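Summary of the model geometry
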Amino acid sequence: MANVSTLRFGAQTDEVTSLLRIVNMVRSGDAVTRPEIGRVTGLGRGVVAQRVDRAVEMGFLEDAEYAPSSGGRAPRTLRFRAERGRIVVCALGGQHIHVGVTDLDGTILDEAHRAWNIASGPEETLDTATAMVDDLLASGDGTPAWAIVVGLPGPVDFETGRPVAPPIMPGWNGFDVRGAFEQRYGAPVWVDNDVNLLAAGERARHRDEGIDLIYCKVGTGIGAGLVSHGRLHRGANGAAGDMGHVRVPGAEQVCRCGKIGCLEAVAGGWALVRDAHEAIERGATGVLADSAASGTDLTLESITIAATRGDALATSLVQTSARQVGEAIAALVNMFNPSLIVIGGAVASTGELFLAEVRHRVYELSLPLATRDLVIRTSESDAREPVRGGVDLAQEQLFEVSLPRWFADGRPTVAAVHGLFD
Ligand SMILES: [Zn+2]
């Protein structure tokens, strides 16, 4: 796409490059006064002044208060006009929809949450999700959406914004999710796997480090998001990190995907519920057996709560899951050498019980060099994490990836962002 910006700006490419760099510097807070911008970029005072004037004229930046003086006249600080557009994040899970609206800096302005079964299919689900987005935007001040990020609980082809053979989403295979949102809102849309959103949210905490991390979500299903040197690693088809369906040696259980012996089929939340039923039928006692006897449905939540309270059966189910997940992560550690592993999801919400077993397996099975500086911890337990991650993804795509293509228009358009010139 580099040739597109060359085409549109001709000989001014150097000017455009420095202008965009300055907008991003102020946006990220790396340099917020004209003298600071000069120091960081090495551009002369006159050139900096000219570029900043242009950015102000185009509506990206404006003058703000005076910075503390360091001797001479105090310089004026600049601020990025984050209020000009909205970022919308629509995080669809297996059993819920979470929608958030933020400004361009990622400050959450409004959000909504509801229970929803993703197996209801794409039409009904997207009608429901877009109605939630409509409500949030209508209760705002009319500022237009500049970017929409949609998270889905299955593999997604990021280039086309379509799910690819998602195991728990009947009817969604190949559905044009990106097109549906773009048509409705006239803003560029990015669709990604839900665990990638969580990985992006974690990455946002390590912006300056170019971090290598693995976010492993152990909920009803199991998946991982990989960040390599600060970039999400999606793989050739968007299937990277789909670790729930790697084969566990010796396992015979049938998986939701139709294969035999998948990690998810021995360690995922639905597998733990199945194993709890079987153990109780064989005579296991305790909190879970008591509640099953009283007619209460066994759920993943009841198992994790019982485990944190020390129930023997629940504890053993969670530890078995952690051991299997730990072995799968150890293999990833040897190949990928991350500095941080974050464990999230409902099963992992049992905290140290799960984490201790994962650590044990990873350190036992991974190479010493790969674990020398490795940190393994649980995720922030906050329902807003997918929204934060979606915002991070939107900011990356808007301001780092596609900005040269759309900035001349003053705001991102679908055609410019996705390179569709007529
Ligand atoms: Zn499977």
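Parameters and conventions
- Residues numbered from 1 in each chain as written.
- Predicted model: local features only at pLDDT ≥ 70, side-chain atom pairs only at ≥ 80, totals over all residues.
- Heavy atoms only, no water.
- UniProt positions renumbered as here; feature names shortened; annotations may be inferred.
- Helix = DSSP H or I, 4+ residues; strand = E, 2+ residues; numbered from the N terminus.
- Rg over C-alpha atoms; globule rule 2.2 N^0.38 Å.
- Buried < 20%, exposed > 50% of the residue type's maximum accessible area, 1.4 Å probe, protein only.
- Contact = heavy atoms within 4.5 Å.
- Lys, Arg positive; Asp, Glu negative; His and termini not counted.
- Charge placed at Lys NZ, Arg CZ, Asp CG, Glu CD.
- Donors = N, O, S within 2.8 Å, 3.2 Å for Na, K, Ca; no water.
- Tetrahedral: all angles 85-135°; square planar, octahedral: opposite > 155°, others 65-115°.
- Pairing = 2+ DSSP bridges.
- Axes fitted to C-alpha atoms, helices over the stretch in contact; angles between N-to-C directions.
- Domains from an automatic or database assignment.
- Buried area = accessible area lost by both parts, 1.4 Å probe.
- Phe/Tyr/Trp six-rings, centres within 6.5 Å; stacked < 30°, edge-to-face > 60°.
- Polar contact = N/O pair within 3.5 Å; in protein donor to acceptor, adjacent residues only side chain to side chain.
- Core = buried A, V, L, I, M, F, W, Y, C linked by side-chain atoms within 4.5 Å.

The chain appears in an unreviewed UniProt entry as Sugar kinase from Microbacterium testaceum. Quoted verbatim from the Sequence similarities (unreviewed entry) field of UniProt, the annotation for the chain is "Belongs to the ROK (NagC/XylR) family."

Notes on the overall build of the chain
Helices and strands together make up the secondary structure of the chain, namely 17 helices and 14 strands. Its C-alpha atoms give the chain a radius of gyration of 24 Å, within 12% of the compact-globule value 22 Å for 422 residues. Counting all 422 residues of the chain, 51% fall into the buried class. Contacts spanning at least 24 positions in sequence make up 60% of the contacts within the chain whose residues lie at least 6 apart. Side chains of the chain give 39 positive and 53 negative charges; the mean places of these two sets differ by 5 Å.

Some words on the coordination of the zinc ion
The protein atoms donating to the zinc ion are His-245 (ND1), Cys-255 (SG), Cys-257 (SG) and Cys-262 (SG), with metal-donor distances spanning 2.0 to 2.4 Å. For the zinc ion, the four donor atoms in the first shell make angles of 106 to 119° at the metal, a pattern classed as tetrahedral. Donor residues for the zinc ion, ordered by position in the chain, follow H-x9-C-x1-C-x4-C. Like Cys-255, the residue Cys-262 is buried in the burial classification.

Description of the sheet that holds strand E13 (residues 340-344)
Spatial ordering of the open sheet is given by E12-E11-E10-E13-E14, a layout of five strands whose pairing is mixed. Each edge of the sheet is formed by a strand with only one pairing partner; in this case those strands are strand E12 (231-232) and strand E14 (375-378). In this sheet, E12 lies alongside strand E11 (residues 222-228) in antiparallel orientation, the contact comprising two bridges. Bridge assignment links Val-227 to a residue of E12, and that residue is Leu-232. Together, strand E10 (213-218), E13 and E14 form the strand contacts of helix H13 (residues 352-365), whose direction differs from that of E14 by roughly 160°.

Some words on the domain arrangement of the chain
Taken domain by domain, the chain holds domain 1 (2-80), domain 2 (84-201 + 384-417) and domain 3 (209-378). Here the C-alpha centre of domain 3 lies 27 Å away from the C-alpha centre of domain 2. Taken residue by residue, the interface counts 16 residues in domain 2 and 18 residues in domain 3. Buried area between domain 2 and domain 3, both sides added, is near 1,300 Å², and the carbon and sulfur share of it is 57%.

Focus: the packing of aromatic side chains
Enumeration over the complete set of coordinates arrives at seven aromatic pairs. Consider the rings of Phe-60 and Trp-406, whose centres lie 6.0 Å apart with planes at 50°: the pair is tilted. One end of the pair, Phe-60, is in the loop between helix H4 (45-57) and strand E1 (61-66); the other, Trp-406, is in helix H16 (residues 403-406), and 346 residues separate them in sequence. Residue class for Phe-60 comes out buried when judged on its relative accessible area of 3%.

Some words on the sheet that holds strand E3 (residues 86-92)
Across the sheet, five strands lie side by side as E5-E4-E3-E6-E9; this open sheet has mixed pairing. Of all strands in the sheet, those with a lone pairing partner are strand E5 (108-115) and strand E9 (189-193), marking the two edges. Adjacent strand axes in the sheet meet at a mean angle of 15° when their direction is disregarded. When strand E6 (residues 145-152) meets E9, the two strands line up parallel, connected through five bridges. Across the sheet, the residue bridging to Val-150 is Val-191, located in E9.

Focus on the side chain of Thr-125
By the secondary structure assignment, Thr-125 is in helix H5 (residues 122-138). Here Thr-125 falls in the buried class, since its relative accessible area comes to 0%. Polar contacts involving the side chain of Thr-125 include one to the side chain of Trp-116, which spans 2.9 Å. Excluding residues that lie within four positions of it along the chain, Thr-125 makes contacts with Leu-92, Ile-97, Trp-116, Asn-117, Ile-118, Ser-120 and Trp-172.

Some words on the pairing of E10
Most of E10 sits inside the fold, with five of its six residues counted as buried. Relative to E11, E10 is paired through six bridges, and the arrangement is antiparallel. Among the inter-strand pairings, Val-218 is bridged to a residue of E11, identified as Ile-222. With antiparallel pairing between neighbouring strands as the criterion, E10 and E11 make up a hairpin whose turn holds three residues. Pairing between E10 and E13: five bridges, direction parallel. By the bridge assignment, Tyr-215 is partnered in E13 with Val-342.

With respect to the environment of Arg-388
For Arg-388, the location among the structural elements is in helix H15 (residues 385-401). A relative accessible area of 35% means that Arg-388 is categorised as partly exposed. Residues Arg-388 and Tyr-215, spaced 173 residues apart in sequence, show a C-alpha to C-alpha distance of 15 Å. What Arg-388 contacts, discounting residues up to four positions off in sequence, is Gly-201 and Asp-382.

With respect to the nonpolar core
Core analysis: the largest hydrophobic core is formed by 49 residues, its most contacted members being Ile-37, Phe-60, Phe-80, Trp-406 and Phe-407. No other element matches helix H2 (residues 13-28), which puts seven residues into this core.

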